[in-house]
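Report on the structure
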Amino acid sequence: MNAFVMAAGNGSRLSPVTDDTPKCLLQIGGKPMLAWWLDTIFSSKCFSTVHVNLHHLADRVEIWLGEYEEACGNEERAVKRIDERQRLLGTAGTLYWYGEPAEDLMVAYPDTISFDIFEKLPLYVEEWKYLREKQKDLIAAILTFDAPEDLSSSTLATDREGWVTKFIEKGIAGSQAWAGVLFGSQEMYDHIQPFDNDLAKDVLPRLVGKMKAIGHVDAYDIGRGVEHYERAKQKYAIYEAGRR
């Protein structure tokens, strides 16, 4: 199973914070968001290859990745770079051009902070594998969180068994939103077209009826703006206080 960490975004809604710092390297609790995700993914031991795409301030991310690999042991935590310096492909385009259809995949958006995911990722991977084996029509599975009131996240509806019956990229009120984590089968690649750009806008609506929500988590999207980044820091402080 491959992991794709979508770290190439410009983070324009977080300007001026992201003018000089890549969105994926913004820190929560003194730790870059990308480190939270890579630590979680590698510690799970569920993935054969971990991909990270690069675009905005790519040189900064490249240097950080090299330091991360060296500190962790290059062989233990090797990251495969997808260089999009010349052209940002979008999340769907990245999978179309660089995906590996011989294996299932997980997509993670590193601007989502969720300690539920960080602590329970192996359980969600096992749930995906179990359902994938039992339900042959299942092509993808997602994690959800409570939809923000500002309509900035992709919302969805599910039936009683968790099958997604509606998926809308942004701008529509709903109780559930996509938490930025997707598990996909090899067959999912057949549903990505050459000119697709965004998974939420272009691909996931096609998977309605073939995709399930397999977990509802406490999560926060820092990419919505500077004020939301500050709130995420506050949520981390509350989380840390609860652990003491």
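Thresholds, definitions, all that
- Residues numbered from 1 in each chain as written.
- Predicted model: local features only at pLDDT ≥ 70, side-chain atom pairs only at ≥ 80, totals over all residues.
- Heavy atoms only, no water.
- Helix = DSSP H or I, 4+ residues; strand = E, 2+ residues; numbered from the N terminus.
- Contact = heavy atoms within 4.5 Å.
- Axes fitted to C-alpha atoms, helices over the stretch in contact; angles between N-to-C directions.
- Parallel < 35°, antiparallel > 145°, perpendicular 65-115°, else oblique.
- Left-handed = near helix turned anticlockwise from the far one by under 90°.
- Nonpolar A, V, L, I, M, F, W, Y, C, P; charged D, E, K, R; others polar.
- Core = buried A, V, L, I, M, F, W, Y, C linked by side-chain atoms within 4.5 Å.
- Buried < 20%, exposed > 50% of the residue type's maximum accessible area, 1.4 Å probe, protein only.
- Expected span 1.5 Å × (residues − 1).
- Arc of directions from axis to C-beta.

1. Section: the side chain of serine 44
On the secondary structure map, serine 44 appears in helix H1 (residues 33-44). Sequence-distant contacts of serine 44, that is, excluding residues within four places in its chain, are made with Leu121 and Pro122.

2. Concerning the packing of H1 against helix H2 (residues 58-72)
Relative orientation of the contacting elements H1 and H2 amounts to 40 degrees, with a least axis distance of 12 Å. The angle between the axes of H1 and H2 places the two elements in the oblique class. When the axes of H1 and H2 are compared, the crossing they make is right-handed. Contact with H1, carried on its side by Leu34, Ala35, Leu38, Asp39 and Phe42, involves Val61, Trp64, Leu65 and Tyr68 of H2 and no other residues of that element. Here the contact of H1 with H2 is composed, by residue class, of eight nonpolar, no polar and one charged.

3. Some points on the nonpolar core
If you look at the biggest cluster of nonpolar residues, it comprises 58 residues, and the most contacted ones within it are Leu34, Leu38, Met106 and Phe183. In this structure phenylalanine 183 touches Met1, Leu105, Met106, Leu121, Tyr124, Val125, Trp128, Ile139, Ala140, Ala141, Leu143 and Ile214, once residues within four positions along its chain are discounted. Core analysis: the second largest hydrophobic core is formed by 25 residues, Phe4, Val164, Phe167 and Trp178 among them.

4. Remarks on helix H6 (residues 226-243)
An ideal rise of 1.5 Å per residue puts 26 Å on 18 residues; H6 measures up with 26 Å between its terminal C-alpha atoms. Where H6 is concerned, the buried positions are His228, Tyr229, Ala232, Tyr236, Tyr239 and Glu240. The buried residues of H6 occupy one face: seen down the axis, they fall within an arc of 130 degrees. The exposed set on the far side of H6, more than 90 degrees from its buried face, consists of Gln234, Ile238 and Gly242. Those residues of H6 that are buried lie in contact with strand E2 (27-28), H1, strand E7 (112-113), helix H4 (115-134) and strand E13 (220-221).

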